[in-house]
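If you want the building blocks of each chain, they are given just below.
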Amino acid sequence: MSQNWKINTKNFISDWGKKGWFVLNIFCTIVYLTWRIFFTIPFGYGFISVFVGIALLIVETLGMVEALVHYANMYNTRDYKKPDVPLELYPDVDIFISTYNEDFVLLAKTICACKRLEYPDKNKVHIYLCDDGHRDTMKLLASKLKVNYLDRDTHEGQKAGNLNHALANSSSPLIVTLDADMLPQSCFLMETIPYFVDAELRNKGKKPEDQIKLGFVQTPQAFYDLDLFQFNLYSEQKIPNEQDYFYRDIEVARTRTNSCIYGGSNTVISREALNDIGGFYTGAITEDFATGILIQKKGYVTLGLGKVLASGMSANELQNLIQQRVRWARGVISTGRKMHIFTSKDLSFGQKMNYWASIWYWYAPIKRFFYIMSPILYAVFGYMIFRCTLWEVLLFWLPMYVTSNISLSRLSNNIRNTKWTSIYEYALFPYMLVPVVLETFGISLKKFKVTNKSNDTGKRKKGEALIYQIPVFILIVLSIIGIINCIRVMFDSGSMGPIVVLFWLIVNLYNMVMCAFFLSGREAYRKAERVEVQIPATLHVNGVDYACITKDVSETGAAVYLDKPHLLNVYEEAKVSLEIQDRKYFAEMMCEVKFTKEDKDRENPWLYSMEFIGFKSEQGYDNLLGICYDRIPTKPQGLQKRAGFYDDLSTNISRRSVPVFQLRRHFPRIEINNLIAYSCKDGNAFAKVIDFNYQFISMEGKPLNDEITFHFDKHDLKAVLSRRVKNMYLYEIVDFNQVYSNQDKCDEIMEFVLRIAKEKQPDLTQVKKKVEMIEFNEMSLV
């Protein structure tokens, strides 16, 4: 009883922490808006001042209403647990993979992922490759992987028309829609179909008007690779994917008002619902958004799940990202107009407010334009935009600002905060501003390009077109001028009045600098995305097995930790393979070691990075894909709490100022710092060996000869002088491949080296009494 009370108390405190800040934020926002409306408009300062002042107030107010809608949804989010239903009731399911010009390999991965789906009766799962590109290669792919292939002679309706064609050529009661790059986890159907079965069971015996009809279940669109913000801003370990906030928070929270947005992929839809609305809506470039609204207008219930069940690729170039967001913005705005959101009798008040918030979100470019230009107009051009005193700002604005930031962080479960929201919106607003304005006045985009997600697009090229960076640089210059002017006025007048404007200029400057970093890009070197997952594995090396654990795995290679610095694949005939058993997936890959290093903070400190050069079985590649992608993406799921403004800037400056240096250390380098005996034609001696990597031995002090033989216990290693740097001498092992042709011999040498490395260095004076000792000058390297 006591333990349960503690748990409930903890949950209560946590729940109050979220809801309490939300309630406090509502109060502070009402007080702030009251003050703003009646006391801050700069009447009497000219037309431009009044116009911009009122425009700023309007976008502020609408932005706060939008936030209120989201916060109200997230205020009391319900967890819809998967129903427990009989397996024999699981119905037939059609899976539509829509494609137009996507890459062959990309689609093969998606189809293979679909074929791995678990289901009580797999004969009830029907996979359709819906090719609107009418390509022979896709037809061949479908035939090889034994799935259904659909194409059409005409292309009206674009993606929606493609899906309607598939709808007409299939018959299952439930339909899964997948984008070409989305890889469903094997549990996808087992986690989503039960909701439909449960709805059917609950409706039995009820009158039609009392039945609850489930229209669609939307699961998150997650991504196994880094988005451009994570990658370009060196924030791989700091922030989640930019779209996580929508799919894992907002979408789930909208379930309470039955206003979930159909996202076009990773969705299970009722065929009955689609038939009731005449199929997928073809009159919008965001057919998914419109289709979802029509389903809800027909009275169907929609459900948003927060559990990630499929993942794909994010937009991989700036141009693709801008193109994608412009299409989404214009499509949502035009769809809202066509669907008559506010006047429709088929939508509830909650649904109308949520869809209004969805539309207003895409007006962020206009909002950000006024946010950044308002302080610049005052500090650079002398226009009064916001009439107030410092104390009024501290009294009315500061409480609203602080409580809003805390509310967002708490209610979003640390997925999003105000700082990153600003960076995301500022980064794209210069390029979306004109399209949004045009769409507002009915100048619509009739056609659109499919977002390119292939791997051969020059992914994330450094130094994107200068034209994208020009608006940001102009705003940076204006902000700096404004900051200088504010500081000068404060010193000249002795007044702290301009400090509020100075604050916003500094905040906006930070955002613009981060945008400049974002636009400058970052060079990508990896061939495939790494999945950071720790799995016990086995290395097979020339008949000897070594237990290891993976650090990360990808389609083209892996990094593993070993407990000792073993020598692997020394010569061309060496046979090295990595065996991984993960859940139901088994794969064995032939490997080449590309890099090794020691991580002294780990129990298994020796890291080996390897490239896959082949598979031991035909199923190897497919199983490797299952190991990599049949899981929740391993990228950050929340914000790093300690990542502040200074950390963001210093990371980007330091990482960009240091050139990338790719190491090619194929063999482990073992630090010894001890004496090892050697012999040569001039006599015997001890050398202070600094380190050893099987191929080279570095020693300190002048040797007796350029050709010597090191005595590693019972193994003698002949070496010749390769290089000298001051008092350091580098010797290379003679006949390297032949010396290490036996794996047991390699391990015996390794054990000797590790033992010597741990031993205390003997007194040199005692050693000199036994052998003729070379002179050491240890200070020469300091």
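Here, every reference points to the structure presented above.
Residues numbered from 1 in each chain as written. Predicted model: local features only at pLDDT ≥ 70, side-chain atom pairs only at ≥ 80, totals over all residues. Heavy atoms only, no water.

(A) Structural context of the overall build of the protein. Along the backbone of the protein there are 22 helices and 22 strands. Within the protein, buried positions represent 55% of all 782 residues. Counted over contacts in the protein with a minimum sequence separation of 6, partners at least 24 positions apart contribute 76%. Here the protein contributes 92 positively and 86 negatively charged side chains, and the mean placements of these two sets differ by 6 Å. (Helix = DSSP H or I, 4+ residues; strand = E, 2+ residues; numbered from the N terminus. Buried < 20%, exposed > 50% of the residue type's maximum accessible area, 1.4 Å probe, protein only. Contact = heavy atoms within 4.5 Å. Lys, Arg positive; Asp, Glu negative; His and termini not counted. Charge placed at Lys NZ, Arg CZ, Asp CG, Glu CD.)

(B) Structural view of the pattern of salt bridges. Taken as a whole and judged by the stated rule, the model has 35 salt bridges. When the shortest N-O distance is used, the salt bridge between Asp582 and Arg631 registers 2.6 Å. Linking Asp582 in strand E14 (residues 576-582) with Arg631 in the loop between helix H18 (620-629) and helix H19 (645-657), this pair joins segments that are 49 residues apart in sequence. A single burial state applies to Asp582 and to Arg631, both of which are buried. As a salt-bridge pair, Glu592 and Lys594 come within 3.3 Å of each other at their nearest N and O atoms. Salt bridges sharing common partners tie together Lys238, Lys419, Asp647 and Asp648. (Salt bridge = Lys/Arg side-chain N within 4 Å of Asp/Glu carboxyl O.)

(C) Just the packing of helix H14 (residues 390-411) against helix H17 (residues 499-520), in detail. The N-to-C vectors of H14 and H17 enclose an angle of 40°; their axes lie 10 Å apart at closest approach. Contact residues: H14 offers Leu390, Val393, Trp397 and Tyr401, while H17 offers Ile499, Val500, Phe503 and Trp504. Grouping the amino acids of the contact of H14 with H17 by side-chain chemistry returns 8 nonpolar, no polar and no charged. (Axes fitted to C-alpha atoms, helices over the stretch in contact; angles between N-to-C directions. Nonpolar A, V, L, I, M, F, W, Y, C, P; charged D, E, K, R; others polar.)

(D) Fine view of the packing of helix H2 (residues 47-74) against H14. Interhelical geometry of H2 versus H14 gives an angle of 40° and a closest axis separation of 11 Å. For the element pair H2 / H14, the angle class is oblique. Between H2 and H14 lies a crossing of left-handed hand. Within the contact between the two elements, H2 uses Met64, Tyr71 and Met74 and H14 uses Met400, Ser404, Ser407, Leu408 and Leu411. Here the residues of the contact of H2 with H14 are counted per class, giving 6 nonpolar, 2 polar and no charged. (Parallel < 35°, antiparallel > 145°, perpendicular 65-115°, else oblique. Left-handed = near helix turned anticlockwise from the far one by under 90°.)

(E) Inspection of the environment of Cys187 at higher detail. Structurally, the position occupied by Cys187 is in the loop between strand E5 (183-184) and helix H6 (188-203). Taking the C-alpha atoms as reference, Cys187 lies 7.3 Å from Leu309; in sequence the two are 122 residues apart. Contact partners of Cys187, with chain neighbours within four places excluded, come to Glu118 and Leu309.

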